[in-house]
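An overview of the molecular structure
Spelled out from the first residue to the last, the chains are:
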Amino acid sequence: MCFPPQEVLIFKTNKMAAHMRWALRQLLRTRNTPNFRRSVKTRSSYQSQCSIQIFSTAQPATGTSHFSIRQLSIQTQDTPNPRSLKFLPGKPVLGSGTLDFPTSTSAGCSSLARDLFEIEGVKSVFYGPDFITVTKADEDVEWTDIKHHALEAIAKFFESGNPITTGAVHHESSFSEDDDEVVSMIKELLDTRIRPTVQEDGGDVIFKGFEGGTVQLKLVGSCTGCPSSTVTLKSGIQNMLQFYIPEVNNVEQVEDEVDEINAKVFSELERKLQK
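A brief structural summary. The structure displayed is predicted, hence computed values, not measured ones.

Reading guide: rules and limits
Position labels on residues start from 1 in each chain and follow its written sequence. Reporting in this predicted model follows two pLDDT cut-offs: at least 70 for local features of residues, and 80 or more for side-chain atom pairs to be given and counted; totals over whole chains, interfaces and linings ignore these cut-offs and use all residues. Neither water nor hydrogens contribute to the side-chain values; these are computed over all heavy atoms in the structure. Per the convention used, a helix needs a DSSP run of H or I reaching at least four residues, while a strand needs a run of E reaching at least two, with both numbered from the N terminus. Whether a residue is buried, partly exposed or exposed follows from its accessible area with a 1.4 Å probe, protein chains only, as a fraction of its type maximum: under 20%, in between, or over 50%, in that order. Between two residues, a contact is recorded if the distance between any of their heavy atoms is within 4.5 Å. What sets the accessible areas is the Shrake-Rupley method with a 1.4 Å probe; for residues, cover comes only from the shown protein chains. The patch calculation keeps residues exceeding 30% relative accessible area without a salt bridge and links them within 9 Å when they carry like charges or within 5 Å when they are nonpolar (Val, Leu, Ile, Met, Phe, Trp, Tyr). Salt bridges are defined as contacts in which a side-chain nitrogen from Lys or Arg sits within 4 Å of a carboxyl oxygen from Asp or Glu. Two residue types count as positive, namely Lys and Arg, and two as negative, namely Asp and Glu; His and chain ends fall outside the count. Charged groups are reduced to one reference atom each: NZ for lysine, CZ for arginine, CG for aspartic acid, CD for glutamic acid. In short, DSSP must find at least two bridges between two strands for them to pair. An axis is simply a line fitted to the C-alpha atoms; with a helix, the fit covers only the stretch in contact. Between two such axes, the angle follows the N-to-C directions and lies from 0 to 180 degrees. Expected helix span is given by 1.5 Å per residue-to-residue step, counting one fewer step than there are residues. Here a polar contact is taken to be a pair of N or O atoms separated by no more than 3.5 Å, where protein atoms must pair a possible hydrogen donor with a possible acceptor and residues adjacent in sequence count only if both atoms sit in side chains. For our purposes a nonpolar core is just a set of buried Ala, Val, Leu, Ile, Met, Phe, Trp, Tyr and Cys residues, chained together by side-chain atoms within 4.5 Å.

1. Quick word on the overall build of the protein
Looking only at helices and strands, the protein has six helices and ten strands in total. The proportion of buried residues among the 275 residues of the protein is 41%. Expressed as a percentage of contacts within the protein between residues at least 6 apart in sequence, the contacts between residues at least 24 apart total 58%. When the accessible surface of the protein is split by element, carbon and sulfur atoms take 51% of a total near 15900 Å².

Pasting the structure below:
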């Protein structure tokens, strides 16, 4: 088999990256026009079964199970993080954007999140456009009881018709007039190529800044504490950003100051309970 010279491969790769960069510029220009609107995919239908009894049909190949509670069909899905489980109620949760509740004290704006934190073993709650991610405190805690109570809490909430939250939602990365071309392209790639994929696994990445060639990202949802989060950050996100945007030298994970304090408090509590 005859392979093209290395110079040809490099030329084609650089040409593809340049084409993508040009496409990003065009998209950013279009975004600024008055008539531009991003298409949003939403789920308009959901399964309905008239049964009060909870039942499940496991599908080991996909790690997916279906549960029907009263008139609401809820699907559960495994995530790359063994401590996190994704719940899909078959109807919009936030509709768009994401919202993270790392601790029970942060759940004041959502009655459902507060109810989920009442379940023994739940460490954090995360909302996506059409899913809810529940993360347990310890791998030794069995999912059986947590899953059962979480399904009941989610079903009861959606039957109530109450608003999911009164808090601020992480929508697509907010574009500012102060953003330079590089930052605008970083945000565009995150929103169109990276965040949708991460949300499929029950998490999200939030843009926090770009300084000295380093992109600062906050990982939330199932990404928090996930064994494969470092691989995702470096081999996935960093490689893609560097390929299309040469100005990117590195990608690092950051946390808000409040999150760092909460993590220290939680770790201290865990240490005391283990004594």
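2. Section: a negative patch on the surface
A cluster of like negative charges, contributed by Glu-120, Glu-139, Asp-140, Glu-142 and Asp-145, occupies part of the molecular surface. Among the secondary structure elements, Asp-145 is positioned in helix H3 (residues 143–160). Classification of Asp-145 as exposed rests on a relative accessible area of 55%.

3. Looking at the sheet that holds strand S10 (residues 250–253)
Overall, mixed pairing links the three strands, which are arranged S8-S9-S10 in an open sheet. Lying at the two open borders of the sheet, with one neighbouring strand each, are strand S8 (203–211) and S10. The mean inter-strand angle of the sheet, taken between neighbouring strand axes irrespective of direction, is 30°. Here S8 runs beside strand S9 (residues 214–221); their pairing, made up of eight bridges, is antiparallel. Residue Gly-203 lies in a different strand from S9, and its bridge partner there is Gly-221. Strand contacts of helix H4 (residues 181–200): S8 and S9, with the helix running at about 165° to S8, the strand carrying the most contacts. Strands S8, S9 and S10 of the sheet are contacted by helix H5 (residues 229–244), whose axis makes an angle of about 145° with S10.

4. A short note on the environment of Ala-137
In this structure, Ala-137 sits in the loop between strand S7 (132–136) and H3. In this structure, the C-alpha to C-alpha distance between Ala-137 and Lys-123, residues 14 residues apart in sequence, is 4.7 Å.

5. Looking at H4
Its 20 residues give H4 an end-to-end C-alpha distance of 28 Å, which sits within 8% of 28 Å, the value for a rise of 1.5 Å per residue. In terms of burial, H4 is a largely internal element, 14 of the 20 residues being buried. One or two residues past the end of H4 sits Gly-202, with phi positive at roughly 85°.

6. Some thoughts on the side chain of Thr-79
Positionally, Thr-79 belongs in the loop between strand S3 (72–78) and strand S4 (84–88). With relative accessibility at 12%, the residue Thr-79 sits in the buried group. Reaching out from Thr-79, the side chain makes a polar contact with the backbone oxygen of Asn-81 at a distance of 2.9 Å. In this structure the side chain of Thr-79 is engaged in a polar contact, spanning 3.0 Å, whose partner is the backbone oxygen of Ser-84. Non-local contacts of Thr-79, meaning those with residues more than four positions away in its chain, are made with Ser-84, Leu-85, Lys-86, Asp-201 and Ser-222.

7. Examining the nonpolar core
By size, the foremost hydrophobic cluster in this structure holds 29 residues, and its most contacted members are Phe-87, Leu-116, Val-125, Tyr-127 and Ile-132. When residues of this core are traced back to their parent elements, those giving at least two are S3, S4, strand S5 (99–101), helix H2 (111–117), strand S6 (122–127), S7 and H3. When residues in this core are grouped by element, the largest group, nine residues, is from H3. Ignoring anything within four residues of it in the chain, the contact list for Phe-87 reads Ile-74, Gln-75, Thr-76, Asp-130, Phe-131, Ile-132, Val-134, Lys-147, Ala-150, Leu-151 and Ile-154. Of all hydrophobic cores here, the second largest spans 21 residues; its members include Leu-190, Leu-219, Leu-241 and Tyr-244.

8. Observations regarding the environment of Phe-210
Tracing the backbone shows Phe-210 in strand S8. Phe-210 sits in the partly exposed class, given a relative accessible area of 22%. Each C-alpha atom of the pair Phe-210 and Ile-186 lies 8.9 Å from the other, and the pair is 24 residues apart in sequence. If we ignore the near neighbours within four places in the chain, the residues touching Phe-210 are Val-182, Val-183, Ile-186, Val-215, Glu-247 and Val-248.

9. Structural notes on the pattern of salt bridges
Under the counting rule described, the total for this entry stands at three salt bridges. Asp-204 is the partner of Arg-195 in a salt bridge, and the nearest nitrogen-oxygen pair spans 2.6 Å. Of the two residues, Arg-195 and Asp-204, neither departs from the other in class, the shared state being buried. Salt bridges linked by common partners bring Asp-191, Arg-195 and Asp-204 together as one network.

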